[in-house]
Amino acid sequence: MSAIQAACTHYLRRCLVPDEAVVGMRLYRDVRLPDGRVLLPAGSVLDAEMLVRLKGRGVEYIHVAIPDERSPEEAQADADKACQRVDLIFRGESSQGRDSLHQIVRAFRLKEVQSCPMAE
Amino acid sequence: MSHGRVAEIAAQADRLPSLPAVVSRLIALMADDRLGIETLAHQVEADPAIVARVLAAANAGAYGSQHISAVTQAVQLLGVDRVRDIAINNALLEVFAVRVPECMSSLWLESLASAVCAEEVAAQLGVNKSIAYVSGLLHDIGKLLLYVVLGEAYEAVLIEHQHGDVPLAELERARLGVDHAAVGAALASAWHLPAVVVDSILGHTDALGPDVVRSEMADVVHIGMVLARALDLAGNPRNRVPQLSDMACLRSGLHWGQCRAALPHIEGRFAHVRSLLRH
């Protein structure tokens, strides 16, 4: 574990395919096999052997926790940018279902740029 | 809309790269829910280009010193869904690889994103996931043929659509006398794809043509297409979420609460299917 990871209490979640993962990354969610069994539990710090297992067992993607080193101002700017993008793509005439989807996606994107503790 | 005009454009299907025969057969097997390990391996073996990609993906998994050289072994290792993704995505990527103007540059990624979302919607509704995936991949294939046949006249319609509020299919009918859904369905029919795929292409748009009634699979593809655009998966700078049919949502019985929980999975799966194209 790097010094930054050891000191960090808040993280950003990122979704990666196994080819993009590198040694030292921390899993944010359990990695499960297609039959539901846990291959690697949340919190595991990836080592070389785990990377081989991820690729070899046909895991499609993983969720990792990246230390959040942003200032509060930078975090707010990211949140504003995410919301603006969602509002932009939902411009124009709408319907009840489209409005519901707009709110769901906005909340999802906002959560994505917000820090979370590892235990969440 | 003129059916003669649709037929006239669909008759020029040979101006697009042809769909490999093995892909048509795979889709037919999927429609009948008959795609198992042995059947899939047998079909894949008929196409050397697909064999090479499947074996490369199996060996990329780094299974110690084991080298995979048999297709059946590769299918067992990778699973039916993953081999299906490799075979169909790569074959369709070649069909989509025609030169298109900048306003159509996101067409392939938007189709791939719609496939992943339609598959997830189908999974939640308990309908055929594989057919939803393929129908999502092909739902906008009519745009490609319209451009290949009509060139700048179609490009002008796409640009007008980007700057206005009229749904694309409605604008296409007003300007060209045909829409991409009808042309895409005629093309799928010419490729001998199953009726469930043809009907879902015909009924996917946010502005249905006259006399078109959405099938159950068309509802799934329509919702999947809107969800893909809502998640902005293709990263198109000019993206705008199409109209979502309240009737399609109601008829399908989809719960948005379930969809919300599936969003991280959709993003992960999209990243995965994109990565398969590198093999």
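Residues numbered from 1 in each chain as written. Chains lettered and ligands numbered in written order. Predicted model: local features only at pLDDT ≥ 70, side-chain atom pairs only at ≥ 80, totals over all residues. Heavy atoms only, no water.

A.B. asks: Give me the lowdown on the interface of chain A and chain B, citing residues and values where you can.
C.D. replies: How large an interface is tends to be reported as the accessible area lost when its parts come together. Of the residues lining the interface, 28 residues belong to chain A; the matching set on chain B comes to 33 residues. Across the chain A to chain B interface the summed buried area is about 2,700 Å²; carbon plus sulfur atoms make up 54%. Our count for the chain A to chain B interface comes out at three salt bridges. Between glutamate 60 of chain A and arginine 269 of chain B there is a salt bridge whose closest N-O contact spans 3.1 Å. Along the contact surface separating chain A from chain B lie 14 residue pairs in polar contact (both at pLDDT 80 or more). Going through the elements one at a time, helix 2 (48-56), helix 3 (72-89) and helix 4 (96-112) of chain A are the ones with two or more residues in the side of chain A that touches chain B. The biggest single contributor to the side of chain A that touches chain B is helix 4 of chain A, with ten residues. Looking at the side of chain A that touches chain B residue by residue, the classes come out as ten nonpolar, eight polar and ten charged. (Contact = heavy atoms within 4.5 Å. Buried area = accessible area lost by both parts, 1.4 Å probe. Salt bridge = Lys/Arg side-chain N within 4 Å of Asp/Glu carboxyl O. Polar contact = N/O pair within 3.5 Å; in protein donor to acceptor, adjacent residues only side chain to side chain. Helix = DSSP H or I, 4+ residues; strand = E, 2+ residues; numbered from the N terminus. Nonpolar A, V, L, I, M, F, W, Y, C, P; charged D, E, K, R; others polar.)

A.B. asks: So, unusual backbone geometry: which residues are in play, and what are the values?
C.D. replies: Generally, phi is negative for residues other than glycine and the peptide bonds are trans, each holding for most cases. Residues and elements named next belong to chain B. Phi is positive for histidine 192, which is not a glycine, with a value near 60°. In this structure, histidine 192 sits in the loop between helix 12 (180-190) and helix 13 (195-202). Positive phi values are uncommon outside glycine, yet aspartate 232 reaches one of about 60°. Secondary-structure assignment places aspartate 232 in the loop between helix 14 (216-230) and helix 15 (246-252). Given the relative accessible area of 18%, aspartate 232 is considered buried. (Buried < 20%, exposed > 50% of the residue type's maximum accessible area, 1.4 Å probe, protein only.)

A.B. asks: An account of the packing of helix 2 (residues 21-31) of chain B against helix 6 (residues 80-95) of chain B is needed here, citing residue identities and associated values.
C.D. replies: Residues and elements named next belong to chain B. Their axes nearest at 10 Å, the elements helix 2 and helix 6 cross at an angle of 130°. Relative to helix 6, helix 2 is oriented oblique. Crossing of helix 2 against helix 6: the hand is left-handed. Contact residues: Val23, Leu26, Ile27 and Met30 in helix 2; Arg84, Ala87, Ile88 and Ala91 in helix 6. The residue inventory of the contact of helix 2 with helix 6, partitioned by class, reads seven nonpolar, no polar and one charged. (Axes fitted to C-alpha atoms, helices over the stretch in contact; angles between N-to-C directions. Parallel < 35°, antiparallel > 145°, perpendicular 65-115°, else oblique. Left-handed = near helix turned anticlockwise from the far one by under 90°.)

A.B. asks: Before we move on, can you summarise the pairing of strand 5 (residues 62-67) of chain A with the specific residues and values?
C.D. replies: Side-chain positions along a regular strand alternate between the two faces of the sheet. Residues and elements named next belong to chain A. Buried residues dominate strand 5, accounting for five of its six residues. Inspection of the sheet shows strand 2 (residues 26-27) paired to strand 5 by two bridges, in the antiparallel sense. For arginine 26, the partnering residue across the bridge sits in strand 5 and is alanine 65. (Pairing = 2+ DSSP bridges.)

A.B. asks: I'd like a description of helix 12 of chain B, backed by residues and values.
C.D. replies: All names here are of chain B. Most of helix 12 is tucked away: eight of the eleven residues are buried. Of the positions making up helix 12, those classed as buried are His180, Ala181, Ala182, Val183, Gly184, Ala185, Leu187 and Ala188. Looking one or two residues past helix 12, histidine 192 carries a phi angle of roughly 60°, positive in sign.

A.B. asks: I'd love a proper account of the sheet that holds strand 1 (residues 10-16) of chain A, names of residues and values included.
C.D. replies: Spatially, the four strands line up as an open sheet ordered 2-5-1-6 (chain A), and their pairing is antiparallel. Whereas interior strands pair on both sides, the edge strands pair on one side only; in this sheet they are strand 2 and strand 6 (116-117) of chain A.

A.B. asks: For the packing of aromatic side chains, give the residues involved together with the corresponding values.
C.D. replies: Residues and elements named next belong to chain B. Considering all chains together, one arrives at one aromatic pair over all chains under this definition. On the basis of an interplanar angle of 55° and a centroid distance of 5.1 Å, the ring pair of phenylalanine 96 and tryptophan 108 is categorised as tilted. With phenylalanine 96 in the loop between helix 6 and helix 7 (107-125) and tryptophan 108 in helix 7, the pair connects residues that are twelve residues apart, well separated along the chain. A residue is classified by how much of its surface remains accessible, and tryptophan 108, at 12% relative accessible area, is buried. Above the face of the tyrosine 133 ring, arginine 84 is positioned so that its terminal group lies 4.6 Å from the ring centre. (Phe/Tyr/Trp six-rings, centres within 6.5 Å; stacked < 30°, edge-to-face > 60°. Lys NZ or Arg CZ within 6 Å of the ring centre and 35° of its normal.)

A.B. asks: Can you explain the nonpolar core? Please cite residues and give values.
C.D. replies: With 108 residues, the main nonpolar core has Tyr154, Leu227 and Trp256 of chain B as its most contacted residues. No other element matches helix 7 of chain B, which puts ten residues into this core. Discounting chain neighbours no more than four positions away, the residues touching tryptophan 256 of chain B are Gly97, Ser100, Leu101 and Ile104 of chain A together with Ile223, Leu227, Leu244 and Cys249 of chain B. Within the second largest apolar cluster, 15 residues are counted, among which are Leu16, Met25, Leu33 and Ile62 of chain A. (Core = buried A, V, L, I, M, F, W, Y, C linked by side-chain atoms within 4.5 Å.)

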